[in-house]
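# Inside the fold
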Amino acid sequence: MFNDKTSKFLLVAGLLLILGGAFAPNWIVNQFMFGFSRALAILGLMVLWRTGLVSFGHAFYFGLGAYAVAILDIKLGVTDVFLRLIAGALVAGTAGFLVGFIMRNYRNIFFAMLNTAISMVLFGIVVKTEALGSTDGFAISMSTILGVSPETKYPLFVIITLVGMVAAILVNYYLKTTFGKLTTAIRDNEIRVEYLGFSVAHAIHLKYSISAILAGGAGALMAMSLGQVDPESMINWTVSGELVFITILSGPGNVIAPFIGSLVFEVLRTYAFELAPQAWQLIMGATFLTIIFFIPGGIWSVLEKIGGKKNDK
Amino acid sequence: MISNPPILQVRDLVKKFGAVVAANDINVDISKGEIVGIIGANGAGKTCFVNMVTGYLPPTAGSIKFEGEELVGLETRKITHAGISRSFQVSQVFHSMTVGENLMIALAIANNRALDALSLMDTPELRSKLDNVLNRYKLNAQKDTTVSALAQGVRKLLDIAMAVVSKPRILLLDEPTSGISVEEKFDFMDIVMGALKEDGVTVLFVEHDMEIVARYVSRVLAFYQGEIIADMPPKKALADKKVQEFVIGKEHHKKKK
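In this report, we go over the structure that sits alongside the text. Note that the structure is a prediction, hence the values are computed from the model and not measured.

Calculation notes
Residues numbered from 1 in each chain as written. Chains lettered and ligands numbered in written order. Predicted model: local features only at pLDDT ≥ 70, side-chain atom pairs only at ≥ 80, totals over all residues. Heavy atoms only, no water. Axes fitted to C-alpha atoms, helices over the stretch in contact; angles between N-to-C directions. Helix = DSSP H or I, 4+ residues; strand = E, 2+ residues; numbered from the N terminus. Parallel < 35°, antiparallel > 145°, perpendicular 65-115°, else oblique. Left-handed = near helix turned anticlockwise from the far one by under 90°. Contact = heavy atoms within 4.5 Å. Salt bridge = Lys/Arg side-chain N within 4 Å of Asp/Glu carboxyl O. Buried < 20%, exposed > 50% of the residue type's maximum accessible area, 1.4 Å probe, protein only. Phe/Tyr/Trp six-rings, centres within 6.5 Å; stacked < 30°, edge-to-face > 60°. Lys NZ or Arg CZ within 6 Å of the ring centre and 35° of its normal. Pairing = 2+ DSSP bridges. Polar contact = N/O pair within 3.5 Å; in protein donor to acceptor, adjacent residues only side chain to side chain. Nonpolar A, V, L, I, M, F, W, Y, C, P; charged D, E, K, R; others polar.

On to the packing of helix α3 (residues 99-110) of chain B against helix α5 (residues 152-164) of chain B, then. All names here are of chain B. Across the interface, α3 lies against α5 with an axial gap of 9 Å and an inter-helix angle of 20°. Between α3 and α5, the angle is such that the two are roughly parallel. Seen from above, α3 lies across α5 with right-handed handedness. Along the contact surface, α3 presents Val 99, Asn 102, Leu 103 and Ala 106, while α5 presents Leu 158, Ala 161 and Met 162.

A few words now on the pattern of salt bridges. Per the stated rule, a full pass over the model turns up 22 salt bridges over all chains. Between Lys 176 of chain A and Asp 4 of chain A there is a salt bridge, with its nearest N and O atoms 3.5 Å apart. Residue Lys 176 of chain A is located in the loop between α6 (154-174) and α7 (178-188), and its partner Asp 4 of chain A is located in the segment before α1 (5-21); the two are separated by 172 residues in the primary sequence. Since its relative accessible area comes to 18%, Lys 176 of chain A is described here as buried. Residue classification places Asp 4 of chain A among the buried residues on the basis of a relative accessible area of 12%. Here Asp 209 of chain B and Lys 185 of chain B are joined by a salt bridge, their closest N and O atoms 2.4 Å apart. Note that Asp 209 of chain B is positioned in the loop between β8 (202-206) and α7 (210-216) and Lys 185 of chain B in helix α6 (residues 182-199), a separation of 24 residues in sequence.

How two aromatic rings sit relative to each other is given by the distance of their centres and the angle of their planes. Per the stated rule, a full pass over the model turns up 16 aromatic pairs over all chains. With 6.1 Å between their ring centres and 65° between their planes, Phe 273 of chain A and Trp 280 of chain A make a pair best called edge-to-face. When its relative accessible area of 46% is taken as the criterion, Phe 273 of chain A is described as partly exposed. One residue, Arg 86 of chain B, lies across the ring of Tyr 195 of chain A, its end atom 5.6 Å from the ring centre.

Residues and elements named next belong to chain B. Taken in spatial order, the six strands make up an open sheet running β6-β7-β8-β3-β9-β10, and their pairing is mixed. A single partner strand is all that each edge strand has here, and the edge strands are β6 (84-86) and β10 (227-232). Ignoring which end each strand starts from, the neighbouring axes of this sheet average 20° apart. Bridge count between strand β7 (residues 170-174) and β8: five bridges; the pairing is parallel. Paired with Leu 173 across the bridge in β8 is Phe 205. Here α5 sits on the sheet and contacts β6 and β7; the angle it forms with β7, its principal contact strand, is near 160°.

Turning to the interface of chain B and chain A, a few remarks are in order. On the chain A side, the residues contacting the 30 residues of chain B number 22 residues. Inspection of the region where chain B meets chain A yields two salt bridges. Inspection of the chain B/chain A interface yields 12 residue pairs in polar contact (both at pLDDT 80 or more). Going through the elements one at a time, α2 (76-82), α3 and α5 of chain B are the ones with two or more residues in the side of chain B that touches chain A. For the side of chain B that touches chain A, the class distribution of residues is 16 nonpolar, 10 polar and four charged.

Laid out in structure tokens, this is it:
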């Protein structure tokens, strides 16, 4: 599992980041926490994209993960970071497994928009339900780590970085298994996969469930990083759009790409907002157009060209 | 003519597309080890027959039994698991992958590794099997070439090689030599039929080229308007009046002249 360049790079980079984070100012630590939290969801979307599927509704799972943390906190007083993370991933994964029975039968625009529809149903329910915080959402108490209350956000940053590193290594390994290799095979030719004796529907269902677990985990980590959840920033269709934006910005070439893409997105959005508070979307849109027209393989493809080497799939 | 017990039994097979009857009460037995050529003009029902046997199209009525097991109603992948595989008129391969990757996926699924999510696909065992397939189908030189860069004939070979790695007992080939040049077609068929004979696979193939039919098959099924109008050895079939009139079109041309 750790024998390839990507896994080794992830291990070294993760540990260096953890060390560096100890000396970095808070705003940088925050940017990394938000970026790496989202990167988890992008990893899942990358697996789907390699299969030829794009979801415009993964905020559904992102939101489920975030709200699982909030509800556990408010109703049961659960503050442990690991319990919160597991709960977020589990709730979203269960929902993804159930919804997957429908989604595995659809492709292209129908797949994309059915996901949007489901996320908007959840958005509507949350907005209209007082018990779920309605439009205001919930504030979340600081996460504890195995019973210890940290004084800064650095320990949470360490955990998010470690979780991201482990998830990326696992997804990297998965992509090298037969299941993983079937991603591109299904995108290329579903008929041949079926005639080789493998169920395309089962394979897509598994990939969809994996993407839901990762998006749920991402939502849980984001909720803990931000210290609050609300439907606008966790479940709305714009969140799904952001996730797709970052996926395309990152490129599908390697599991490292979502982490770089998410960080670039965080920095880009922060500075776009600072430069043009009334028109920051213009900068984001222009960036998106540039990516699609000039670097359809995303940031990773640029890095590959600079490095002059083939990616480590 | 049929010496062995039938491996495939087709009974009263009917396929209708609205008013169009693509298969009209087809009854045929195929014995183990036979090499059967399916001939007929365009629209005669040849590919429809292959599609029904391999589960791509559900028949309107009738039965298809493979080694006694009913195939009608089974999903395509279940038919593959049962031991029937196929190639396509237009090669169905993974165009963004290399020849080696295409075959590795086929081998991995055939070896049930896909059921084990934790199995790496690239193992020494599979690599050795890959080398074997590449040798038998003369695809060594193209191992690292992406499919989209391959010539039509090589894609066809790959399509057939992928269908064969699951070790089927019956293989159906839909127009294996279509799109292959006249100069290459016999070399191509020698590679394919040589490899299939080694494995003792029963082969049914749809073919328009009568030279190929005469050279490689032991039995001919001639289709016309959804019916089998001749079921006989190739020499006899190609000389048969009905076959000449409705399949080869010789009578038709004579009349025109």
